[in-house]
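Now for the letters of each chain:
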Amino acid sequence: MYTKVVKSVDMVRIGIIGIGFMGMIHYYGIQKVLDGKVTAICTRNPKKLAGDWTSIQGNFGPRGSVENLSEIKTYDHIDAILADPEIDLIDICLPTHYHKDVTISALKSGKHVLVEKPIAIDLDSANEMTRTADETGNRLMVAHVLPFFPEFSYALETVKNVEYGELLGANLKRITSKSADTPSAADVEKSGGPGIDLHIHDTHFIQLLNGMPDAVFSQGKLIGDKYTDYLTTQYIYRDNPVTISCSSGSISQKGRAFSHGFEIFLEKATLLFESSTLGGQPVVSQPLTIITDGGKVEQVDLGDTDPVGAFTDEIQHAVNAINTNSDAVLLSGDKARDALLLCYKEAESVRTGQVIAVG
């Protein structure tokens, strides 16, 4: 018998499982969430349970510090935090190969779930996760944070409000430097390689821009038979003249560790953005800019931005959905599953050299 959550709550009590870099960033982001707070954490690391997070550091945001966890419950076993009746939302920040089992257990225990992207590595697992959410009536939300970064949020809103006319086309990119060591087959099976772990940001965002494509045509380099190292894809919409493409993967030299951006073409405007990590330093090579059909070129003022702020907005979206009993559209479990499906269809296109129907 599944436990169903049928009522909303005023203060969403959040339990975080996994205190690595992403778990820490979620913890910091939640501090500014309205009507949501961290009431419990779970990690096997005794130092982190005691609040010593000084060993945690990522590629953006603050380094971990010493945290006062005196008012937060601490658990060193997942079953224990899932059994806590004073938690409404479980925030899963574990490596991807743990997502399915922990998500399903959390949903069956009566909790709503926010799980880091990608939803899972294989489609069977993703389908089982979305099916369990439907069966239990508890929410499955997947933490695709890209739509909450200011440049991408602005672009998405501009496309949706049709102020500058309909979407005509888009080119997206998300490139990392080549790894010094070839990843093992076992590691790729756990992460999905760049073609899933990295590129799924794009396949999710493309759905938000223009829905699921009817087919894909991709060229690139495979890792084994199922995964891609890098690729360029054309997304095909049979009954829509929009032209969307994306280049993504691990192909750059190490002096440019990461870059992403977009060109988005509307009937009456073009949106441009690109930023990189160049020589170890963040560089915005193309600030968010709008070019109108009258020839006006203007940088968009996004105000003060903080990378952790995107995670605050992401988790606020989840909390609002729980409290208003509404859909968390940008965190949809179904869209996250479909983003994974697109990654596999693109790998099939690279492998076969054919246009692959999405189906």
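Everything numeric here is computed off the predicted structure, so don't read it as measured data.

1. Considerations on the pattern of salt bridges
Pairs can form between side chains of opposite charge once their charged atoms are near each other.
Part 1 of the argument: All told, the structure shown has 13 salt bridges when counted by the stated rule.
Part 2 of the argument: The salt bridge involving Arg13 is made with Asp88; its shortest N-O contact spans 3.0 Å. With Arg13 in strand β1 (residues 12-17) and Asp88 in the loop between α3 (78-82) and β4 (89-92), this residue pair connects regions lying 75 residues apart in the sequence.
Part 3 of the argument: Relative accessible area serves as the criterion here: at 11%, Asp88 is assigned to the buried category.
Part 4 of the argument: Here Asp84 ties to Lys73 by a salt bridge, and the two come within 3.1 Å at their closest N and O atoms. Residue Asp84 is located in the loop between α3 and β4, and its partner Lys73 is located in strand β3 (residues 73-75); the two are separated by eleven residues in the primary sequence.
Part 5 of the argument: Residue Asp84 is classed as buried on the basis of its relative accessible area of 4%.

2. Points about the pairing of strand β8 (residues 215-223)
Side-chain direction in a regular strand flips from residue to residue, so the side chains alternate between the two faces of the sheet.
Part 1 of the argument: As paired elements, β8 and strand β9 (residues 227-236) share nine bridges and run antiparallel to each other. Among the inter-strand pairings, Gln219 is bridged to a residue of β9, identified as Thr232.
Part 2 of the argument: The antiparallel pairing of β8 with β9 creates a hairpin that spans three residues between the two strands, and Gly224 there sits at a positive phi of about 70°.
Part 3 of the argument: Pairing between β8 and strand β15 (residues 356-357): two bridges, direction antiparallel. Across the sheet, residue Val216 finds its bridge partner in β15, namely Ile356.

3. Digging into the packing of aromatic side chains
Part 1 of the argument: Per the stated rule, a full pass over the model turns up eleven aromatic pairs.
Part 2 of the argument: Note on Phe60 and Phe311: the rings are 5.8 Å apart at their centroids and 10° apart in plane angle, and the pair reads as stacked. Here the residue Phe60 occupies a position in the loop between α2 (46-49) and β3, and Phe311 occupies one in helix α10 (residues 307-324), the gap between them amounting to 251 residues.
Part 3 of the argument: Given a relative accessible area of 3%, Phe311 falls into the buried group.
Part 4 of the argument: Ring geometry for Phe152 versus Phe262: centroids 5.1 Å apart, planes at 80°, classification edge-to-face. Of this pair, Phe152 sits in helix α6 (residues 150-161) while Phe262 sits in strand β11 (residues 256-266), and the two are 110 residues apart along the sequence.

4. What about helix α9 (residues 200-210)?
Part 1 of the argument: Extensive coverage of α9 is indicated by the burial of ten of its eleven residues.
Part 2 of the argument: Gly211 sits one or two residues past α9 and shows a positive phi near 80°.

5. Overview of the sheet that holds β4
Part 1 of the argument: Ordered in space as β3-β2-β1-β4-β5-β6, the six strands form an open sheet in which the pairing is parallel. The sheet is open, and its two edges are formed by β3 and β6 (140-143), each paired on a single side. On average, each strand axis in the sheet is tilted by 25° relative to the strand beside it, whichever way the strands run.
Part 2 of the argument: As paired strands, strand β2 (residues 36-42) and β3 are joined by three bridges and run parallel to one another. Residue pairing in the sheet places Ile41 in a bridge with Thr74 of β3.
Part 3 of the argument: Docked against the sheet, helix α1 (residues 21-30) engages β1, β2, β4, β5 (112-116) and β6, running at close to 160° with respect to β1.
Part 4 of the argument: Along the sheet, α10 makes contact with β1, β2, β4, β5 and β6, crossing β1 at roughly 135°.

Rules and cut-offs
- Residues numbered from 1 in each chain as written.
- Predicted model: local features only at pLDDT ≥ 70, side-chain atom pairs only at ≥ 80, totals over all residues.
- Heavy atoms only, no water.
- Salt bridge = Lys/Arg side-chain N within 4 Å of Asp/Glu carboxyl O.
- Helix = DSSP H or I, 4+ residues; strand = E, 2+ residues; numbered from the N terminus.
- Buried < 20%, exposed > 50% of the residue type's maximum accessible area, 1.4 Å probe, protein only.
- Pairing = 2+ DSSP bridges.
- Phe/Tyr/Trp six-rings, centres within 6.5 Å; stacked < 30°, edge-to-face > 60°.
- Axes fitted to C-alpha atoms, helices over the stretch in contact; angles between N-to-C directions.
- Contact = heavy atoms within 4.5 Å.

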